[in-house]
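Residue-level structural notes
For reference, the chains in residue letters:
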Amino acid sequence: PVGVAVILLALMLHEETPSGRARVPEPWRAVSMFSAVASGMVVLDLWTGGSFEWWTVVLAVVCVLSMVAYCALGRRPSVERLVDIPVRGNRTYYAVAALFLVNTVVGCGVMYLLPYYLTGSAGYDTLGAGLLLSAATTVSAVLSIPAGDWCRTRGCRIPSDVSLVMRVAFCLMLAVIDPGMGLAYLLMQLVLMGASFGMAGTVLPTRMQVHVPDALGSSSAAIVLFTNYIASALGVAIFALLFKVASPGGLASSIDVMDGASILGGTHFACLVGTVVSVVCLLVSMRIRDPDGRRGEERGFPR
């Protein structure tokens, strides 16, 4: 129903477009990029699930060949590109992009594991687990707009660092969590997680944008979306892998049939890795300054 509503709203929009037939830039490079992403995600999912069929190897070969084709096609001179490189040689931009990628991986990985902990280890039913998770999403929704306003008017560094501090905190809390700690401890962790999601989801993409020239703003926005989608899929796959590594059955184990103690152990290990990764991201973020005092509002972002 939500998707149908969005389609109907989109049909009601009337936007002026240039006359003439639209042309898709570099169609074969687009095909190779999505082929590499799709086949790579399937291979990673099958591998973490312990499946080693012959067609898994075929998909891995397709992924590698598609990546080679994407890089080779990118070397050709072209007037139009699907996604242009925002700033060649700008290490600061790529550092911020890496922060966004890694933080999305950690965030989506934790969100993947939490329902299993709530229903498998903590003993909540599906409705209770959903209501608890809604606390995180509510806090995220409330803080996302104020975080964006702060980033536009005062710079992105402080809210970025704050979101990462909270990410370290909630990952660490999950790394040592136990059902016996009670509801208050769990709610504190969920609030911190929602606050981190709400701030990082707004601030880190904006922080990427302020490090590119205005002429390449549309290309960098496409990279933000592409990075978000890839990181979301990677987060689930990587944290599922970490979870299984710490489980008694290894990669052959299935989280759907584990007992509460096994789920708790896997959650602890995966979130401990997430804590360490988040600490590294925080240290990197603290070294990145806003470019020449520029704010998101100066880049044309609306209030």
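Here is a short report on the structure shown in this document. (Residues numbered from 1 in each chain as written. Predicted model: local features only at pLDDT ≥ 70, side-chain atom pairs only at ≥ 80, totals over all residues. Heavy atoms only, no water.)

For the rest of this paragraph, the subject is helix 5 (residues 126–154). Its 29 residues give helix 5 an end-to-end C-alpha distance of 41 Å, which sits within 8% of 42 Å, the value for a rise of 1.5 Å per residue. Those residues of helix 5 lying buried are Gly 128, Ala 129, Leu 132, Leu 133, Ala 136, Ser 140, Ser 144, Ala 147, Gly 148 and Cys 151. Positive phi appears at Gly 155, one or two residues downstream of helix 5, with a value of about 105°. (Helix = DSSP H or I, 4+ residues; strand = E, 2+ residues; numbered from the N terminus. Expected span 1.5 Å × (residues − 1). Buried < 20%, exposed > 50% of the residue type's maximum accessible area, 1.4 Å probe, protein only.)

Next up on the list: the pattern of salt bridges. Counted by the stated rule, this structure contains one salt bridge. Of the charged contacts, one joins Asp 161 and Arg 157 as a salt bridge, the two residues approaching to 4.0 Å between their closest N and O atoms. Here the residue Asp 161 and the residue Arg 157 both occupy positions in helix 6 (residues 157–175), the gap between them amounting to four residues, near one helical turn. Judged by its relative accessible area of 13%, Asp 161 falls in the buried class. (Salt bridge = Lys/Arg side-chain N within 4 Å of Asp/Glu carboxyl O.)

This structure, assessed with the given rule, holds two aromatic pairs. Here the aromatic rings of Tyr 112 and Tyr 116 are separated by 5.6 Å at their centres, their planes lie at 65°, and the arrangement is edge-to-face. Of this pair, Tyr 112 and Tyr 116 both sit in helix 4 (residues 91–121), four residues apart, which is roughly one turn of the helix. Between Phe 170 and Phe 197, the ring centres sit 5.9 Å apart and the planes meet at 85°, which makes this aromatic pair edge-to-face. Taken together, the residues Phe 170 in helix 6 and Phe 197 in helix 7 (residues 182–209) connect sequence positions 27 residues apart. Judged by relative accessible area, Phe 170 falls into the buried class, the value being 0%. (Phe/Tyr/Trp six-rings, centres within 6.5 Å; stacked < 30°, edge-to-face > 60°.)

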